[in-house]
Amino acid sequence: MEKRHFIDLDILSSEEISHILDKALLMKKEFKDLRHKAPKLCDGRILATIFEKPSTRTRVSFDVAMRDLGGSCISLSSNDLQLGRGESIADTARVMSRYVDVMMLRTSAHQNLLDLAEFADVPVINGLTDRSHPCQILADILTFIEKRGPIEGRKVAWIGDCNNVALSAVHAATKLGFSFYIAAPEQYGPTEAMQEAIAKDKALGLTGGKSSIHIVDKIEDAFEGADLIMTDTWVSMGDEDAAERKEAFAPYQVNREMMALADKDALFMHCLPAYRGREVTADVIDGPQSVVFDEAENRLHVQKAIIAWSLGAI
Ligand code: CP
Ligand code: NVA
């Protein structure tokens, strides 16, 4: 079987993404409270997770997911490896492939992930890069589907930084057919990668693609009637212009007044970690529309499906 890397949502088919989501939902429904009875889809298999950056959710949910699937996980920081002293990604990939069945990488440079996938003999999963965070967006979509049904045709708004999580959301919009509205300050607007993704989506639209992606000037236009409001930290890991960012993003805070413009049943999502009083007020993130801890839980369920898919077990 060809190696099934999980690198980015734009290079998977809509069918593959829906298959992973369906399996994740099923596994959650049937076995959330019956871990010991869950089918051991990855019995005896070993996952290595490598972190160049800090992580709470990704680190723990991948480890627990692999245990639930009957396998085991070795969680490593890049500084624990010779990688931290300059051994190449290619050699690390070749060596690790002799020991483990699947790898996950969190890295500052997306190219490191692509290199790992190129030189590994085992599947490689994206656990966040400077470019994208597809595991997070699949968990978010799973959360939306559980609470509100299919996401196709719904209005989703992204408020704030056009960062890694936002790019994966653009990819998901194209593949799953929802409208995606982005409100961002000009200097932190769509990156080159996001502009490319938007152009691809537009081109597909001409041939019957179902999504539509809009960059709005007025923040209110993103919130207006939205079914889902999403935001993220104004300062991602590795960003070095924190002071400028805090100033530029100040008008982009998600607060009660702005949430009132969205649909009355709108959900609020944030991948976490969150900074209350900055990108979102406490009354919103801790309020009734917020589903941030369901999103965090769903990282576990969706990643079980991603690992099982990458190993050809589903
Ligand atoms: N959302 C997310 O990826 O969280 P961590 O950085 O804690 O893994
Ligand atoms: N955009 C954030 C996501 C953290 C999970 C970052 O890259 O730091």
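Everything here concerns the structure above.
Residues numbered from 1 in each chain as written. Chains lettered and ligands numbered in written order. Predicted model: local features only at pLDDT ≥ 70, side-chain atom pairs only at ≥ 80, totals over all residues. Heavy atoms only, no water.

## Description of helix α7 (residues 192–206)
So, step 1. The terminal C-alpha atoms of α7 lie 22 Å apart, and with 15 residues this matches the ideal 21 Å at 1.5 Å per residue to within 8%.
So, step 2. If you check which residues of α7 are buried, you get A193, M194, A197, I198 and D201. Seen along its axis, α7 keeps its buried residues to an arc of 135 degrees; they face one direction. For α7, exposure combined with an orientation more than 90 degrees from the buried face picks out E192, K200, K202 and L206.
So, step 3. Residues of α7 that are buried sit in contact with α6 (164–176), β6 (179–183) and β7 (212–215). (Helix = DSSP H or I, 4+ residues; strand = E, 2+ residues; numbered from the N terminus. Expected span 1.5 Å × (residues − 1). Buried < 20%, exposed > 50% of the residue type's maximum accessible area, 1.4 Å probe, protein only. Arc of directions from axis to C-beta. Contact = heavy atoms within 4.5 Å.)

## Focus: the site of ligand 1
So, step 1. S55, T56, R57, T58, R106, H133, Q136, C271, L272 and R299 make up every residue found near ligand 1.
So, step 2. Separating an oxygen atom of ligand 1 from a side-chain N or O atom of R57 is a distance of 2.8 Å.
So, step 3. Within the side chain of H133, an N or O atom sits 2.9 Å from an oxygen atom of ligand 1.
So, step 4. When isolated, ligand 1 has an accessible area of 260 Å², and the protein chains bury 95% of it. (Near = heavy atom within 4 Å. Polar contact = N/O pair within 3.5 Å; in protein donor to acceptor, adjacent residues only side chain to side chain. Areas by Shrake-Rupley, 256 points an atom, 1.4 Å probe, with all protein chains shown as cover.)

## Things to note about the side chain of Q136
So, step 1. Mapping Q136 onto the fold places it in helix α5 (residues 134–148).
So, step 2. Given the relative accessible area of 2%, Q136 is considered buried.
So, step 3. In this structure the side chain of Q136 is engaged in a polar contact, spanning 2.9 Å, whose partner is the side chain of R299.
So, step 4. Ignoring sequence-local partners within four residues, the contact set of Q136 consists of V165, C271, E295 and R299.

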